[in-house]
Every structure is written in structure tokens, then in C-alpha cells.
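Coordinate inspection notes
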Amino acid sequence: MEYMDITIAGSGVLGSQIAFQTAFKGFNVTVYDIDDEALERAKVRIRNLEQRYQEDLGALEEEVNSAYNRISFCSVLSKAVSNADLLIEAISEVVQIKVDFYKELGKVAPEKTTFVTNSSTLLPSQFAEATGRPEKFLALHFANEIWKNNTAEIMKHKETDMKVFDEVIEFAKAIGMVAIPLYKEQPGYILNTLLVPYLEAATCLVMKGIADPETVDKTWMIASGSPIGPFGAYDVIGFNTPYNALLEKEKAGDNQAAEVAEWLKTEFIDKGKFGKESGEGFYKYPNPNYMKPDFLKS
Ligand code: NAD
């Protein structure tokens, strides 16, 4: 089955990007979120992406406008999925929120709809039963700034139908991604198996008083040649997802995760600093220090 009508559930940092990329590649997109206020925020987010596509990809104004016009917005789940071939879930990284969502979705979605989760660290098998259609459920995981960091990790669980797995691979390619199929479940896929410990190690250095965030980033950037360090990356990711992932680890008894979560909350989230999208995280935007020409020199 070739997917044409795509619904994106959750219109935050990643959901907005997935929606716009999918529409940019010519698909009909419906964006679903919990209420109309969340959808109004999504419209602003998506409009802001238009400029990035023009700057980074050389997209024309008429192309980004017609992509935006292929997106509709709806806060009623049954309506949002009524014609969906594929539903991409990008809601908050909280197990119970996702379980409740899939239970409801399984009831209202047409039989034809395949569900995929964009979860960063959770496994499809954690939600397969709640979906009511385990054979039509798997993970399709994107990286932040999807239009240029274009990996799509496609990961099945034991009951995923191979035909559906292949269809999702084809869809990922059709929206401009480099498809990376994973046949065995792994929390964090390839990308976050590497990225999450890297970010945690960076926060440990700061919390132990070894170095400040800019020094950590500078060291990494000079020594590895990378254009961004762990704290710059944190800002791009946005703090909601790492924070929720840390709380899930805390629930599983990880004390260090609890400490980092508390630090992120009191020092940043409670002060309205959520990363790049909010104008401030570890750096201030739009001109963060780590991008200034002398950052790596002094
Ligand atoms: P976010 O906090 O920016 O957005 C989450 C969105 O989900 C919000 O708009 C919220 O209103 C909505 N939401 C919450 N409960 C909902 C429900 N029951 N129904 C519909 N919408 C609901 O989070 P994010 O960073 O975009 O992450 C979303 C998902 O994508 C997570 O699973 C995360 O692990 C994954 N992800 C994030 C990144 C990243 O870099 N931020 C990268 C890859 C994958």
C-alpha cells in the first residue's frame, strides 16, 4: 500500500518538522494535538520552518507556501485520522501519555491505518498491545532538523508485519530520508544509543563542577572538528524530551537521572528556558556564543 494521507499526532519540536517535511514532499498532512491552542503554536512553528527550508535547501517561496497549504490542523482525534494511511506519533516522551493515546487511537482509526512512533528512547513493544494492531505498528524515528539531518530509523518489534515494515521504509525514502532499517529492538535505536550517554556525560561534567557548558562544548568542537558541542545540541533538541526521558529513568530507580532532571528543571525549565526554540537554553539565540568566530580561538 502506498501512503498518501498522513496524520501527525503531537505538533511540538519534532511533530512540526515531520509535518512540514512530509507536506514539502507532496503528501496530504493532518496535524493533531490536544487542543486548538497547541495547534496555533504549531502553525507558528511550521511557518518558522519555511525560512529554514529557503535558507538551508534553497526552497522557493511558492514551494514552501504550497507545502504549508497541504497541511490541515485538527484537535479531534477521530476526525484527524478518518482518512489516514499512516499516523506518525510524536507526542510527549511519557509512557503513560503514549499508552493512553494509543488505546484511544486504536478505537477511532480506520483499519487501514499504520501507526508509527517517533519516540526517542522507548520501544514499540511497550505500546504494541495498546494499539490493538501490533502487526501494523513499529517505530519511525527522525533526527532533529529533519530536512538536513535526514536519517529515519525504522525499527520493528516482534509482531510487526514485514510488508508494513517495507512500506514504512518506502515512505521514509519518499519524504527524503536515508532509511536505516533495524530488525531488532534497541532502546534509542543507533542514534540515541550514542547520543544519550554523550549528553549525560556532558551534564555530569558541569554538575560535578569540572567545567562550564561553554568549555565542554569548546573542547569537544576543537578536538573533534564537530560544528556543535553537547550543550549546543541540547538546545537544538529542546529540553522537554530529555527532561521527560530523565523522569522515566528516575522512575526506574536511576538516581543520577533524577539529579540531572532536577537541575534542568530548576535552572532552565522553570525559568522559561527550553532551548533554541524558546530563545534561550544553555546559549542565547539567535546568535549563540558557540557560533561566534572567536569561540574556538580563545
Ligand atoms: P514536545 O514537548 O516539543 O512536543 C510534544 C507535543 O505532544 C506537544 O505539542 C503536546 O501538546 C503534544 N501532546 C501531548 N500529549 C498529547 C496527546 N495525548 N495527544 C496529542 N498530542 C499530545 O516534544 P518533542 O521534542 O517534539 O518530542 C515528541 C516525540 O518525538 C517524543 O517521543 C520524542 O522522544 C521524539 N523525538 C524528539 C526529538 C527531539 O530532538 N526533540 C528527536 C527525535 C524524536
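Above this note sits the structure.
Residues numbered from 1 in each chain as written. Predicted model: local features only at pLDDT ≥ 70, side-chain atom pairs only at ≥ 80, totals over all residues. Heavy atoms only, no water.

**What about the pairing of strand S7 (residues 151-155)?**
Where we set the bar: To sort residues, take the accessible area from a 1.4 Å probe on protein chains only and compare it with the maximum for the residue type: under 20% means buried, over 50% means exposed, and anything in between is partly exposed. Think of it this way: any DSSP run of H or I at least four residues long counts as a helix, any run of E at least two long counts as a strand, and we number them from the N terminus. Any two strands are treated as partners once DSSP identifies two or more bridges connecting them. A clockwise path from the first strand over the helix to the second, with the strands pointing away from the viewer, defines a right-handed crossover.
Counting buried positions over the five residues of S7 gives four, a clear majority of the element. Relative to S7, strand S6 (residues 137-142) runs antiparallel, the two being bridged by four bridges. What sits directly across from Leu140, in S7, is Ile154. Once you follow S7 into helix H7 (residues 162-174) and on to strand S8 (residues 178-182), the crossover reads as right-handed.

**Quick word on the site of the ligand**
Operational definition: In this text, near means that some heavy atom of the residue lies within 4 Å of the molecule or strand in question. Residues adjacent in sequence count toward polar contacts only when both atoms are side-chain atoms; beyond that, a polar contact is any pair of N or O atoms within 3.5 Å, and within protein one must be able to donate a hydrogen and the other to accept it. Areas reported here follow the Shrake-Rupley algorithm with a probe of radius 1.4 Å; residue values treat only the protein chains shown as occluding.
Lining the immediate environment of the ligand, one finds 24 residues, of which Asp33, Glu93, Lys98, Ser120 and Thr241 sit closest. In the model, an oxygen atom of the ligand is placed 2.7 Å from a nitrogen or oxygen of the Asp33 side chain. In the model, an oxygen atom of the ligand is placed 3.0 Å from a nitrogen or oxygen of the Asn144 side chain. Contact with the protein chains removes 89% of the 830 Å² of surface that the ligand exposes when unbound.

**Thoughts on the side chain of Glu167**
Rules: A contact between two residues is defined here by any heavy atoms of the two lying within 4.5 Å.
Following the sequence through the fold, Glu167 ends up in helix H7. Of the residues examined, Glu167 reaches a relative accessible area of 10% and is grouped as buried. At 2.9 Å, the side chain of Glu167 forms a polar contact with the side chain of Tyr3. If we skip the residues at most four places from it in the chain, Glu167 touches Met1, Tyr3 and Thr114.

**A closer look at helix H3 (residues 61-69)**
In an α-helix there are 3.6 residues to a turn, and that puts residues three or four apart on one side. As a reminder, the rule being used: As used here, the arc is the angular range of directions from the helix axis to the C-beta atoms.
Considered for burial, the residues of H3 that qualify are Val64, Ala67 and Tyr68. On an axial view of H3, the arc spanned by its buried residues comes to 100 degrees, and they lie on one face. Turned more than 90 degrees off the buried face of H3, the exposed positions are Glu62 and Asn69. The elements touched by buried residues of H3 are helix H1 (13-24), helix H2 (36-57) and strand S3 (71-74).

**Here's the deal with the packing of H1 against H3**
Just so we agree on the cut-off: The angle between two axes is taken between their N-to-C directions and runs from 0 to 180 degrees, where each axis is a line fitted to C-alpha atoms and a helix contributes only its stretch in contact. Roughly parallel here means an angle under 35 degrees, roughly antiparallel means over 145, roughly perpendicular means 65 to 115, and every remaining angle is called oblique. The handedness criterion is simple: a crossing whose near helix is rotated anticlockwise from the far helix by less than a right angle is left-handed, and one whose near helix is rotated clockwise is right-handed. Side-chain classes are defined by residue name, with Ala, Val, Leu, Ile, Met, Phe, Trp, Tyr, Cys and Pro counting as nonpolar, Asp, Glu, Lys and Arg as charged, and the others, Gly among them, as polar.
At their nearest, the axes of H1 and H3 sit 8 Å apart, and the two run at 115 degrees to each other. Regarding the angle of H1 to H3, the classification is roughly perpendicular. Considering the relative orientation of H1 and H3, their crossing is right-handed. Residue-level contacts link Phe20, Ala23 and Phe24 of H1 to Glu63, Val64, Ala67 and Tyr68 of H3. The residue makeup of the contact of H1 with H3, split by class, is six nonpolar, no polar and one charged.

**Side note on the side chain of Glu89**
Along the chain, the position of Glu89 falls in strand S4 (residues 86-89). Looking at Glu89, the relative accessible area reads 0%, which means it is buried. The residues touching Glu89, leaving out its near neighbours within four places in the chain, are Ala9, Lys98, Phe101, Tyr102, Val116, Thr117 and Asn118.

By themselves, these figures tell us nothing about what the structure is for.
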